[in-house]
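Each chain, written out:
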Amino acid sequence: MKTSSGRFFEDYAIGQVIEHAVPRTVSGGERALYHALYPARHALYSSDVFAAACGLEKSPLDDLIAFHVVFGKTVPDVSLNAVANLGYAEGRWLSPVFEGDTLRSVSEVIGLKQNSNGKSGVVWVRTTGFNQRDEAVLEYVRWVMVRKRDFDAPAPETVIPDLADVIDPTDLVIPEGLDFSDYNFTLAGEPHRFGDYEVGEKIDHVDGVTIEEAEHMVATRLWQNTAKVHFDATNREDGKRLIYGGHVISMARALSFNGLANAQMIVGLNGGAHANPCFAGDTVRAYSEVLDKAETAAPGVGAVRLRLVAYKHGAPEFALKTVAGKYHPDVLLDLDYWALMPI
């Protein structure tokens, strides 16, 4: 048999290292399609001239392009038989990705826990993306619920990794040469800088986007995400294709431009949860909460810790969790990240 049905829960072992196929050279095509799929407008990723004025050689590709490409490489080996992708932690962007870079991904299994129903289990992996010079450009941990092939297969020893709740701002990697001393707020689109944001402040990003099946299919194929739940409507009992969680992340991040236009670069992913499934026809809106702030060693550059919440149209203002402590049923995404902003 030459075809592969993918890994199931019992196929993983602690310490297992998986080198994922197929390396991918990224180009301006990824940028153009990304900006067509999402209302992405952050100036650093839109203009070589703006990026050069901020000390970079040219405009890098959006941080989430790097994330999607690195993530997509892992899907055939990690989440082809997934029930759902559950969360993220300890994510750091280590080096900007530019047009012409070739990205590949390597994952290590760091946690396993069989579910009580005996039909699936949770797998934790630490994934690192490398460029053509074998430099790490991105690393993150994610955990995913994966089906078992054989329900009678013995459960592995439970290992749940000890993950940091928050990346210390001193561990964030600031791109070499980044300098916001002469930052052009007019060209960036908003006047709000580091000192204008207060911890605890919530920002309604106002706009909404209705998710279309066609756009989701283009996006998921673009990132070469082959998980069955995103393509095969017969794979779910409700006959619906689940919208790739990264599609929701990028949509919410793009919507956050209105109010956070100067949160230019994502450099850390503290945690994230796909709180509820998203389907075509859902209208996604977003708000952000300022969780923390820190200065960096780079001239004119501050780091802002933000909670980005994406929700469907029915949720009340600034909804997150119910009185029972569970996510509101209309909340789709709860993402905690660090972004760089001019001081």
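Below is a short write-up of the structure. Worth saying up front: this structure is predicted, and the values here are computed from it rather than measured.

Take the environment of Arg307 next. With respect to the element layout, Arg307 can be found in strand β10 (residues 301–312). Through-space distance from the C-alpha of Arg307 to that of Lys202 is 9.2 Å; in sequence the pair is 105 residues apart. Aside from chain neighbours lying at most four places away, what touches Arg307 is Tyr287, Ser288, Glu289, Leu291, Leu320, Asp334, Leu335 and Asp336. In this structure the side chain of Arg307 is engaged in a polar contact, spanning 2.8 Å, whose partner is the side chain of Asp334.

So, on to helix α3 (residues 63–78). Each turn of an α-helix holds 3.6 residues, which means side chains three or four residues apart point in the same direction. For α3, built from 16 residues, the straight-helix expectation of 22 Å at 1.5 Å per residue is met to within 8% by its first-to-last C-alpha distance of 22 Å. Roughly 25 degrees is the biggest bend found in α3, and it falls at Gly72, with proline Pro76 one to four residues downstream. The buried fraction of α3 is high, at 15 of 16 residues.

Bringing the environment of Ser5 into the picture now. Its place among the elements puts Ser5 in the segment before β1 (17–19). The class of Ser5 is partly exposed, set by a relative accessible area of 36%. Taking the C-alpha atoms as reference, Ser5 lies 22 Å from Gly245; in sequence the two are 240 residues apart. Filtering out sequence-adjacent residues up to four positions away, Ser5 remains in contact with Leu80, Asn81 and Lys228.

Another point: unusual backbone geometry. A cis geometry characterises the amide bond from Ala21 onward to Val22, with omega recorded as -5 degrees. Relative to the assigned elements, Val22 resides in the loop between β1 and β2 (24–25). If you check the backbone angles, Val206 has positive phi at about 70 degrees while not being a glycine. In this structure, Val206 sits in strand β7 (residues 202–210). What makes Val206 exposed here is its relative accessible area of 52%.

Under the defined criterion, the tally for this structure stands at 13 salt bridges. Ionic pairing is found between Asp77 and Arg7, a salt bridge with its closest N-O pair at 3.0 Å. Here Asp77 is found in helix α3, whereas its partner Arg7 is found in the segment before β1, with 70 residues between them in sequence. Among the salt bridges present, the one from Glu10 reaches Arg149, with a minimum N-O distance of 3.9 Å. Linking Glu10 in the segment before β1 with Arg149 in the loop between β6 (136–147) and α4 (185–188), this pair joins segments that are 139 residues apart in sequence. The partly exposed category is assigned to Glu10, whose relative accessible area is 25%. Each of Glu10, Asp11 and Arg149 takes part in a single network of salt bridges with overlapping partners.

Cut-offs used in this document
Residues numbered from 1 in each chain as written. Predicted model: local features only at pLDDT ≥ 70, side-chain atom pairs only at ≥ 80, totals over all residues. Heavy atoms only, no water. Helix = DSSP H or I, 4+ residues; strand = E, 2+ residues; numbered from the N terminus. Contact = heavy atoms within 4.5 Å. Polar contact = N/O pair within 3.5 Å; in protein donor to acceptor, adjacent residues only side chain to side chain. Expected span 1.5 Å × (residues − 1). Bend = angle between axes of the 7 residues up to and from the residue. Buried < 20%, exposed > 50% of the residue type's maximum accessible area, 1.4 Å probe, protein only. Salt bridge = Lys/Arg side-chain N within 4 Å of Asp/Glu carboxyl O.

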